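# Working through the structure, step by step
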Amino acid sequence: MMSWKKNAISYLIWFLYTIMTGTVLLALATEAGKAAGLEDYTGILIMAASVAVAGVAAFLLHRFAVSRASFAEEKGVHLTVLGALLAMGMLAAGFLLRLQGAGGVDCSSSAYYEAARVTEGQSIPQSVHGAVYFYVWLLHGVFRLLGNYASAGIWVQIVLQLAASFLLFLVVRKLAGFMAGLVVLGFCMCAPYMVASCLVLSPDMLYFFLLTVAVSLMTVGYGDRKTGEEREARGLNPAAGFFAGAAAALCCYVDILGILLLLVAFGGIFRYREDVVAPGRKAAAALLCAAGAILGFGACILLDAAFSGKAVPRVAAAWLSLYRPSGFQLPAGVGVSGSVAESCLLFGIMPLGIFSFWFDKRKERISLAVLAAWGIMAAGCFGIFTDEMPGFLFLYLSLVLLAGMGFGQCFYAEPAAQERKEPTAAEQPDWEILMEARDGAEAGQGPEQARGGPEPERAESGQPGQRQPAEAAKEAVQADRQVRFLENPLPLPKKHVKRVMDYSLPSGAQDDDFDYPVAEGDDFDV
């Protein structure tokens, strides 16, 4: 999982997330109260009750995840298969919903259909907006292959959205866990907003697909690799930062929303890692990321000038003028309208993140999505986005990401310390078996009794019960590992016996002198 170490900025971002969630909940609760004919203050009560329910639900989910952590680890394969089946079911449900909605849609009057139709003497009009230009070319290629059918354009939208949603699911599953990925995939597949947005000819789906491809490549570049059954951290490759910056620059040139990928590019460099990465290596990767972004954006300007036949300063000025702020104003709508139930469900899940943020004391995962949501809202208020891509779809996706991550963090469980288990006979070192066998021999016990092993099973008649073949084979292996001592062929020292001398000895002073007289010349000292 990709996460970041908690610091003062993390708590500030959590505060912004809380304000955003509470404000939207208050607005929804106030509207619901007005529709029911209640007083204005009931909106505050409904919001407070919703937050309280979310807090209790987050606590219960967290307790459930902690209590079932060992079960989840033991049944990991079964849970993975179950999750894969759920994901496939969501994809199938999303396809059926779009298939049902595509039957009553007529896009023959769309400006994109008219621009992309294959007619005699028609050329693709040039556009400063890269997403619009590439989308028209994509439709034009499809119409050349399948004919000028407006339904073919709808199927392009459906395929792009399904592919982008699946890539987004894989990215979120890797970054925030499987539960978060399922929530995101569920909204992308079954939400009325997403279903309606792909039944309209728009470059949003093409750009959505381009963003998910870029984020997937960044995730692979910044991630870990698997070797055998264990995951080996390969550290930080500074070259990955350069290519991440170049990919972000390409998406930014296609549309200004691509600047959000710079958050992902720099965030992947400074993410939390179990292995220590030298600060100099992170700084080098950040500098290469900035260099890749600058060079990539410059290359896009040069290629645009070369293919359009215009001067480079003119191309750059046209791009800047396209996204020039037009003054502060609140948006009047949110594009394609979703259902009330969808809004209540989305903003009913988001408060879970307010509480699940505190379950992990070291790491957090919501910073990038919160900054993306606030950045999109600020850019929309200042009129930076174009009419072709107003950015509401990507604001919705950022809120879905926050809901999924908040829900996924409820299932976080601290890695519990493993309890020390007594080793079995097959796991015990030889010196332990030797010591236990010696102690048992001194105490008059067998090797199995010295190790505290179970006694042989007895039948009701008192005779040893019949053992299963597997148990017999296991006991045979343990018997082979038992130490059998050889009889010592050398004589052992006899045990000392204390004795008391109770008889008298004759004593004399003349016999106590042990100096013998010698001759004067009988001296052997040199």
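All values derive from a computational prediction rather than experimental measurement.

## Details of the overall build of the protein
Secondary structure assignment for the protein yields 21 helices and four strands. Relative to its 526 residues, the protein shows a buried fraction of 37%. Nonlocal contacts in the protein, meaning residues at least 24 apart in sequence, comprise 77% of its contacts between residues at least 6 apart.

## Things to note about the state of the cysteines
Per the counting criterion, the structure on display carries zero disulfides. Here cysteine 300 is not cross-linked by a disulfide; its sulfur's nearest cysteine counterpart is in cysteine 252, at 9.3 Å.

## Observations concerning the pattern of salt bridges
This structure, assessed with the given rule, holds one salt bridge. Note that glutamate 114 is salt-bridged to arginine 117, the shortest N-O span being 3.4 Å. A residue is classified by how much of its surface remains accessible, and glutamate 114, at 39% relative accessible area, is partly exposed.

## What to know about the packing of aromatic side chains
According to the stated counting rule, one finds 18 aromatic pairs in the structure shown. Plain terms: the ring middles of phenylalanine 297 and tryptophan 319 are 5.0 Å apart, the flat faces sit at 75° to each other, and that makes the pair edge-to-face. Of the two residues, phenylalanine 297 is situated in helix H13 (residues 279–308) and tryptophan 319 in helix H14 (residues 312–322); the sequence distance between them amounts to 22 residues. Three or more aromatic residues link up through ring pairs in this structure, and these residues are Tyr11, Trp14, Phe357 and Trp358. A cation over a ring is seen here: lysine 6 above phenylalanine 357, with NZ or CZ 4.1 Å from the ring centre.

## A look at the nonpolar core
Among the nonpolar cores identified, the biggest contains 113 residues, and Phe394 and Leu402 are the most heavily contacted of them. Element by element, the count of residues in this core is highest for helix H7 (residues 150–176), at 14 residues. Contact partners of phenylalanine 394, with chain neighbours within four places excluded, come to Asp204, Tyr207, Phe208, Leu211, Leu257, Ile376 and Met389.

## Looking at a nonpolar patch on the surface
Where nonpolar side chains cluster on the molecular surface, the patch consists of Leu12, Phe15, Ile19 and Trp374 and spans about 370 Å² of accessible area. Residue contributions to the nonpolar patch peak at three residues, all from helix H1 (residues 8–35). Structurally, tryptophan 374 can be placed in helix H17 (residues 367–381). The class for tryptophan 374 is partly exposed, based on a relative accessible area of 32%.

## Regarding helix H18 (residues 392–409)
Look at H18: 26 Å from first C-alpha to last across 18 residues, which is about the 26 Å you get at 1.5 Å a residue. Where burial is concerned, most of H18 is hidden: 17 out of the 18 residues are buried.

## Looking at the packing of helix H10 (residues 204–222) against H18
Running from amino to carboxyl end, H10 crosses H18 at an angle of 45°, the nearest separation of the two axes being 10 Å. Classified by the angle between their axes, H10 and H18 sit oblique to one another. Considering only the axes of H10 and H18, their crossing is right-handed. The residues of H18 that touch H10, namely those facing Asp204, Met205, Tyr207, Phe208 and Leu211, are Leu393, Phe394 and Leu397.

## Observations regarding the side chain of threonine 21
Inspection of the secondary structure assignment puts threonine 21 in helix H1. At 2.9 Å, the side chain of threonine 21 forms a polar contact with the backbone oxygen of tyrosine 17.

## Let's talk about helix H15 (residues 340–349)
Buried within H15 are the following residues: Glu342, Leu346, Phe347 and Ile349. For H15, the arc enclosing every buried residue in end-on projection is 160°, short of the 170-degree limit, so these residues lie on one face. Those residues of H15 that are exposed and aimed more than 90 degrees away from the buried face are Val340 and Ala341. Its buried side turned inward, H15 meets H1, helix H8 (178–190), helix H9 (192–197), helix H16 (352–356) and H18.

## Digging into the packing of helix H12 (residues 260–269) against H13
Between H12 and H13, whose axes approach to 9 Å, the crossing angle comes to 160°. Relative to H13, H12 is oriented roughly antiparallel. As H12 runs across H13, the sense of the crossing is right-handed. Here Leu262, Ala265, Phe266 and Ile269 of H12 come into contact with H13, specifically with Lys282, Ala285, Ala286, Cys289, Ala290 and Ala293. Here the contact of H12 with H13 is built from residues that sort into nine nonpolar, no polar and one charged.

## Side note on the side chain of serine 110
Structurally, the position occupied by serine 110 is in the loop between helix H4 (76–102) and helix H5 (111–116). Of the polar contacts made by the side chain of serine 110, one reaches the backbone nitrogen of tyrosine 112; its length is 3.3 Å.

## Some remarks on the confidence of the model for the protein
In this model, the protein carries a mean pLDDT of 80, and residues with pLDDT of at least 70 account for 78%. Taken as a whole, residues 226–233 scores under 50 in pLDDT and shows nine contacts with residues more than four places along the chain or in a different chain. In this model, residues 417–428 is a region of pLDDT below 50 whose contacts with residues beyond four sequence positions or in other chains number eleven contacts.

Conventions used here
What you see as residue numbers is a count from 1 along each chain, following the sequence as written. Confidence filtering applies because this is a predicted model: local features only for residues at pLDDT of at least 70, side-chain atom pairs given and counted only at 80 or more, and all residues used for totals across whole chains, interfaces and linings. Calculation of side-chain values draws on the structure's entire complement of heavy atoms; hydrogens and water are dropped beforehand. Under the DSSP-based scheme used, a helix requires at least four consecutive residues in state H or I and a strand at least two consecutive residues in state E, with every element numbered from the N terminus. Relative accessibility thresholds used throughout: buried, under 20% of the residue-type maximum; exposed, over 50%; partly exposed, between the two (1.4 Å probe, protein chains only). When checking whether two residues touch, look at their non-hydrogen atoms; a contact exists if any pair is within 4.5 Å. Pairs of cysteine sulfur atoms within 2.5 Å are what we label disulfides. Here a salt bridge means any side-chain nitrogen of Lys or Arg lying within 4 Å of a carboxyl oxygen belonging to Asp or Glu. The aromatic pairing rule takes the rings of Phe, Tyr and Trp, using the six-membered ring of Trp, and pairs them if the centres are within 6.5 Å, calling planes under 30 degrees apart stacked, those over 60 edge-to-face and the rest tilted. Either the NZ atom of lysine or the CZ atom of arginine qualifies as a charge over a ring when it sits within 6 Å of the ring centre and within 35 degrees of the ring normal. Definition of nonpolar core: a set of buried residues of the types Ala, Val, Leu, Ile, Met, Phe, Trp, Tyr and Cys, connected through side-chain atoms within 4.5 Å. Patches in this entry comprise residues that are over 30% relatively accessible and not in a salt bridge; like charges within 9 Å are linked, as are nonpolar side chains (Val, Leu, Ile, Met, Phe, Trp, Tyr) within 5 Å. With residues, only the protein chains shown are counted as cover, and all accessible areas are computed by Shrake-Rupley using a 1.4 Å probe. Helices are assigned an expected span. That span is 1.5 Å times one less than the residue count. To get an axis, fit a line to the C-alpha atoms, keeping to the stretch in contact for a helix; angles then go from 0 to 180 degrees between the N-to-C directions. Orientation categories follow fixed angle ranges, with anything under 35 degrees roughly parallel, anything over 145 roughly antiparallel, 65 to 115 roughly perpendicular, and all other angles oblique. For any helix crossing, the convention is left-handed if the near helix is rotated counterclockwise from the far helix by under a right angle, and right-handed if that rotation is clockwise. Any N or O atom pair separated by 3.5 Å or less is treated as a polar contact, with the protein-specific requirement of one donor-capable and one acceptor-capable atom, and with residues adjacent in sequence counted only for side-chain atom pairs. This arc describes the spread of directions from the helix axis toward the C-beta atoms. Nonpolar residues are Ala, Val, Leu, Ile, Met, Phe, Trp, Tyr, Cys and Pro. Charged residues are Asp, Glu, Lys and Arg, and all others, Gly as well, are polar. Think of pLDDT as the predictor's per-residue confidence, scored from 0 to 100.

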